[in-house]
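# Chains, contacts and geometry: an overview
Residues per chain, in single letters:
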Amino acid sequence: MGAVSINNVKKNYGNMEVLHGVSVDIADGEFVILVGPSGCGKSTLLRMIAGLEEITSGEISIGGRVVNTLAPKDRDIAMVFQSYALYPHMTVEQNMGFSLKLQRVSKEETAKRVANAAGILGLEPYLKRYPRHLSGGQRQRVAMGRAIVRNPAVFLFDEPLSNLDAKLRVQMRSEIKQNHMRLKTTTVYVTHDQIEAMTMADRIVVMHDGIIEQIGTPLELYDRPANLFVATFIGSPSMNLLKGKMEGQDFIANDGTRLSLGRGAGASEGRPVTMGVRPEHFHLDPNGVDAEILTVEPTGSETQVVARYAGAEIMGAFRERITAKPGEKIKIRPESGLVHLFDTESGKRIAV
Amino acid sequence: MSHSLVRTGLPRPLILIGVVIVLLVCLFPFAWMALSSIKVLGELYTIPPHWWPDAPTWSNYAKVLFESNIPRYFWNSVVISVGSTGLALVLAIFASYGFARFNFRGKPFWQAFVLIGQLLPTAAIIVPLFITLRVLGLVNTYWGLILVYMIVTLPLSVWMLTSYFKAIPVELEEAAIIDGSSRLGVLFRITLPLSLPGLIAVLVYSFVTTWNEFIFALCFATDSSVKTLPIGLSEFSTEFNTDWGGVMAASMVMTIPIALLFLVFQRLFVGGLTAGATKG
Amino acid sequence: MYLRRHTGLLFALPALIVLFMLIAYPVVYTGLLSVTDNKGNLVGLSNFAAVLKPRVTTQAFINTLWWVGGSVVLQVILGTATAVLLNQNFWGRSIVRSLTLLPWVVPGIVAATTWAWMFHTEFGIINYMMTSTGAVPKAVNWLGDPNLVMPVLIAINVWKLFPFVAVMVLAGLQSIPNDLYEAARVDGASFWHEVWHISLPGVRPVLTAVTLLLVIWALNSITIIYAITKGGPANRTLITPIQIFREAFENVAFNRAAALSVIFFAVVIAIVFVYIKVSSPSPEAAK
């Protein structure tokens, strides 16, 4: 019913191409997040699905129907905007019922559907209020309510949580997720916050400079990033990168440090490679290599250490409580089975 | 709400003196107009002049209201001001919406064109306008002045409304489009209700400007069936061999509606007028 | 937003057509009239020669410069001073602000007649106040004395428009963040330092735009002069717009009036252009 298929879609503004042909298939009921740095084209893509931007070339279909030339209202979608875009001169009730009013749905039916959505979102006490009298979280719920009331095939979210404070964001994150589990409506959600993406999505589409870098489940992206961009974009604190080359089963960093990985690089033997190590994959080891400590940041559950290691500045996150002071040295090694290797020139992951 | 402990600024007495002077300068002529309008002829022409009328009289007003053409001109002014204000508003709403929300070829040129309308020396186009109106048979008609007043009201109306429309978040309109609104539906259900202060500011501005306009009226309305109040007032002096009591009474009749309109809406009006100035 | 290409133009079209009819067409028509005679025959530049020759044209031009220069300079100075005054905190400030604007709102013709009455030589309140306080020895013929009439008319014009400057500049002053003043205060600035180093630079863009508007208005303002002196006495207050008006409607010499209009128009455009160039970076017109 609500499957969305995006097929080789391009977008030009004048002579400038901002989307270079992207393809994604989103299954009915799936929660897909488009994530990437600002300017990567994720919002443009979402707005093309909504019908707010023209599709330069390619095809978008919703529920098996090509929607390229359909007006937004005929696409069976609803959208939640970053600023919520609540109509300031209408009450919560009128805001939520506006689309039904335009469709000439009867008053009783509208009231019923608004009450139903308000019930789901806990908005019953606020129906008669105006948006300016609501808190940020409540406004966010009204924006979702306005979408739910329409019972569309697809929900579109454009950075809906970025105007909320940190605590509320975490709470709304789980509310949106719970609503999705209950309504099972296909959802396309845009954010620049990779934590949001990781915690909410069934699948994540990582975009960068108008192309799709990788599509996969959150853990696939974390465990097997397809390239250097995804590797550094997903995960916080982000992955450490060491430049060097492979000699047999050893990685030789540019400063000459030799790290044994217990695996080869296949065809990339001798070529420049980049080794990626997530902070939590460094371990203290008396047989490891010296790391000169720059700062130590205990967070309680773990200790984050910034150190100079193999000619680069790296961050390690250790379960142990480290008492060493800046300037002192500790010996650490990367968990060899969990390091990632990338071709430095192309940025592509080197398969084992 | 930040009030610093040390109050800098002008000393209190200086502020007081300054404000009193400014108010005197601005308001004294009105006071004198009002006082003169209720004096009898003999009292107007005494040396030295009397400050307060010894025998206040409504006779000047009676003369203006019952023995002159002023009531007729008042009605003409109302028709022409309401007509041109309404027409300008309708045209400006659509034009401003087009400028604020769409990109089209030549938009900067057309916006500059509208702006130049505001800067045009009126004296330079009176002659051809007169000839054009004469050809169209619009000299000495309501429609002639209503149309010509578009020159005065339309450019600023378009400018003010464009900045009001631009200030309304685009997302609101996009939300309405997704909710199923048509373009015109968006304009009438979302944009206009949210621009109400701007609309009022534009209305008041247009009305005041057309109500006060003198030169076009002088050239294009020479028949007493369409003459407006300003023309009536300028004639009044000769008509009664400069009966200053009558002139002042007529001035009051002309000023009071406009002053009331302004004072009622002044907050919106000043806000609308200055919005563009402070944003730039 | 996703739209067909011409939708915006369609919205703007009715207004543009009306303005085009009322502005572009007459401007072109003026040009045409200026090089033809009253039967429509091309006569080259003879109309221009005819209007430029009489001494009165030069005099009107000089009068116009005095009128515009005197009015605008005083309007800006007094308006800005009033704005600084009204920017102080005192009780009843908003009422004072509204009342101050009244001279700007009332019809020009009302201002003209009321002031003409107040400046009346025999029965005017101004002569009474000045003679009774001893400021002048005997009644002054304000509107009949060739040396006084222009300054008097300028004064009336200043009275009419300085409130507009005050309100615009006041809005500019109020949009200056309070932090700036507080920072200056911490740095030891006095009130006059604040005015000079923070307030005035802060309202520069507003002043630039307002000044341009005032120049245009002064060039267009016929009402006050026409209603009080009609350009007299002895052409002492004849400004070019009034001369155009007289040529056209009193002498019924449309072609010569058109030639004068073209010259006037060219000068105005030149002034505006130079002003915008000099005062740049000017506020973007399109914004």
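Every chain is numbered independently, its residues counted from 1 as its sequence is written. As a convention, the first chain written is A and the first ligand written is 1, with the rest following in written order. With the structure being a predicted model, the display of local features is reserved for residues of pLDDT at least 70 and the display and counting of side-chain atom pairs for 80 or more, all residues being used for whole-chain, interface and lining totals. Values shown for side chains rest on all heavy atoms present in the structure; no hydrogens or waters enter the calculation.

Attention now goes to the pairing of strand 7 (residues 154–158) of chain A. Residues and elements named next belong to chain A. Between buried and exposed lies partly exposed: a residue is buried under 20% and exposed over 50% of the maximum accessible area for its type, with that area taken using a 1.4 Å probe on protein chains only. The numbering of helices and of strands both runs from the N terminus, where a helix is a DSSP run of H or I of at least 4 residues and a strand a run of E of at least 2. Among the five residues that make up strand 7, five are buried, leaving the element largely enclosed by the rest of the structure. Residue alternation in strand 7 divides its side chains into two sets, Val-154, Leu-156 and Asp-158 and Phe-155 and Phe-157, and both sets are buried. At least two bridges found by DSSP between two strands are what make those strands a pair. As defined by bridge partners, strand 6 (residues 77–80) adjoins strand 7 across four bridges and the pair is classed as parallel. Bridging from a neighbouring strand, Ile-77 pairs with Val-154 of strand 7.

Right, let's get into the interface of chain B and chain A. Listed per partner, the contact involves 14 residues of chain B and 24 residues of chain A. Put simply, buried area is how much 1.4 Å-probe accessible surface two parts lose in total, over both of them, once they are put together. For the pair chain B and chain A, the summed buried area comes to about 1,700 Å², and 64% of that belongs to carbon and sulfur atoms. Contact with chain A buries area across many residues of chain B, yet B:Glu171, B:Ile178 and B:Asp179 alone supply 41% of it, more than any other trio. Should a side-chain nitrogen of Lys or Arg be within 4 Å of a carboxyl oxygen of Asp or Glu, the pair is scored as a salt bridge. Connecting chain B to chain A are two salt bridges. Note that A:Arg47 is salt-bridged to B:Glu174, the shortest N-O span being 2.5 Å. Polar contact is defined as a pair of N or O atoms within 3.5 Å, subject to the rule that within protein one atom must be able to donate a hydrogen and the other to accept it, and that residues adjacent in sequence are counted only when both atoms are side-chain atoms. The interface formed by chain B and chain A contains seven residue pairs in polar contact (both at pLDDT 80 or more). Top element by residues in the side of chain B that touches chain A is helix 8 (residues 170–178) of chain B. It accounts for seven residues. Should any heavy atoms of two residues lie within 4.5 Å, those residues are counted as being in contact.

Often, the extent of an interface is quoted as the loss of accessible area on bringing the components together. Each partner contributes to the interface: chain B provides 102 residues, whereas chain C provides 91 residues. At the boundary of chain B with chain C, total buried surface from both sides reaches about 8,800 Å², with 80% on carbon and sulfur atoms. Summed over the shared surface of chain B and chain C, the number is zero salt bridges. In this structure, the connection of chain B to chain C is made through five residue pairs in polar contact (both at pLDDT 80 or more). For this classification, Asp, Glu, Lys and Arg are treated as charged, while Ala, Val, Leu, Ile, Met, Phe, Trp, Tyr, Cys and Pro are nonpolar and the rest, including Gly, are polar. For the side of chain B that touches chain C, a count of residues per class yields 74 nonpolar, 21 polar and seven charged.

Another aspect to go through is the sheet that holds strand 1 (residues 4–13) of chain A. All names here are of chain A. In space, the four strands of this open sheet follow the order 2-1-4-5, with antiparallel pairing throughout. Here the strands that pair on one side only, and so sit at the sheet edges, are strand 2 (16–26) and strand 5 (65–66). As defined by bridge partners, strand 1 adjoins strand 2 across eight bridges and the pair is classed as antiparallel. Bridge pairing in strand 2 places Ile-6 opposite Val-24. Strand contacts of helix 1 (residues 42–50): strand 1, strand 2 and strand 4 (57–62), with the helix running at about 115° to strand 1, the strand carrying the most contacts. To define axes, lines are fitted to C-alpha atoms, for helices over the stretch in contact only, and angles between the resulting N-to-C directions are given on a 0 to 180 degree scale.

Residue and element names in this part refer to chain C. What helix 10 (residues 191–202) keeps buried is the set Phe-191, Glu-194, Val-195, Ile-198 and Ser-199. Each buried residue of helix 10 sits inside an arc of 130° when the element is viewed along its axis, so together they form one side. Along helix 10, exposed side chains directed more than 90 degrees from the buried face belong to Trp-192, Trp-196 and His-197. Buried residues along helix 10 sit against helix 3 (55–86), helix 8 (149–174) and helix 9 (178–186). Arc definition: directions from the helix axis to the C-beta atoms.

This brings us to the confidence of the model for chain C. All names here are of chain C. Values of pLDDT, ranging from 0 to 100, describe the predictor's confidence in every residue of the model. Counting all residues, the mean pLDDT for chain C is 86, and 95% of those residues have values of 70 or more. No element of chain C has a lower mean pLDDT than helix 9, at 81, and none a higher one than helix 3, at 94. Scored below 50 in pLDDT, residues 282–287 shows eight contacts in the model against residues more than four places distant or in partner chains. Interface confidence for the predicted complex, expressed as ipTM, amounts to 0.86; the pTM equals 0.82.

Moving on, we get to the packing of helix 9 of chain C against helix 10 of chain C. All names here are of chain C. As a packed pair, helix 9 and helix 10 sit with axes 11 Å apart at the nearest point and diverge in direction by 145°. At the point where helix 9 passes helix 10, the crossing takes the right-handed sense. Between helix 9, through Leu-180, Tyr-181, Ala-184 and Arg-185, and helix 10, the contact on the second element is made entirely by Glu-194, Ile-198 and Ser-199. The handedness criterion is simple: a crossing whose near helix is rotated anticlockwise from the far helix by less than a right angle is left-handed, and one whose near helix is rotated clockwise is right-handed.

Patches here: salt-bridge-free residues with over 30% relative accessible area, like charges joined within 9 Å, nonpolar side chains (Val, Leu, Ile, Met, Phe, Trp, Tyr) joined within 5 Å. Here the Shrake-Rupley method, with its probe set to 1.4 Å, supplies the accessible areas, and only the displayed protein chains count as covering residues. Residues scored as charged are limited to Lys and Arg (positive) and Asp and Glu (negative), so that His and the chain ends carry no count. Taken as the charge location is NZ of Lys, CZ of Arg, CG of Asp or CD of Glu. A surface patch of positive charge is lined by A:Lys101, A:Arg104, A:Lys107 and B:Arg189. Within the fold, B:Arg189 resides in helix 9 (residues 183–194).

All names here are of chain B. Residue placement: Asn-60 occurs in helix 3 (residues 59–67). Within the structure, the side chain of Asn-60 is placed 2.9 Å from the backbone oxygen of Lys-39, a separation counted as a polar contact. Contact partners of Asn-60, with chain neighbours within four places excluded, come to Ser-36, Ser-37, Ile-38, Lys-39, Asp-243, Gly-245, Gly-246 and Ala-249.

Each nonpolar core is a collection of buried residues, namely Ala, Val, Leu, Ile, Met, Phe, Trp, Tyr and Cys, held together in the definition by side-chain atoms within 4.5 Å. If you look at the biggest cluster of nonpolar residues, it comprises 227 residues, and the most contacted ones within it are A:Ile6, A:Leu156, B:Leu154, B:Phe220 and C:Trp67. With sequence-adjacent residues up to four places away left out, A:Leu156 is seen in contact with A:Leu46, A:Ile49, A:Ala50, A:Ile77, A:Ala78, A:Met79, A:Val80 and A:Val188. A:Val92, A:Phe155, A:Tyr189 and A:Tyr222 belong to the second-largest nonpolar core, a separate cluster that totals 44 residues.

Turning our attention to the packing of aromatic side chains. Put simply, two rings from Phe, Tyr or Trp (the six-membered ring, in Trp's case) pair if the centres are within 6.5 Å, and we call them stacked under 30 degrees between planes, edge-to-face over 60, tilted for the rest. Applying the stated criterion across every chain yields a total of 42 aromatic pairs over all chains. Aromatic side chains B:Phe109 and B:Trp110 sit 5.1 Å apart centroid to centroid with 75° between the ring planes, which places their arrangement in the edge-to-face category. Taking relative accessible area as the criterion, B:Phe109 reaches 53% and is therefore assigned exposed. By relative accessible area, which is 22% here, B:Trp110 ends up partly exposed. Here the aromatic residues B:Phe130, B:Phe214, B:Phe216, B:Phe220, C:Tyr226, C:Phe245, C:Phe249 and C:Phe254 are joined through ring pairs into a cluster of three or more. Any Lys NZ or Arg CZ that is within 6 Å of a ring centre and within 35 degrees of that ring's normal is treated as a charge sitting over the ring. Sitting over the face of the ring of A:Tyr87, A:Arg146 holds its NZ or CZ atom 4.7 Å from the ring centroid. A cation over a ring is seen here: C:Lys230 above C:Tyr226, with NZ or CZ 5.0 Å from the ring centre.

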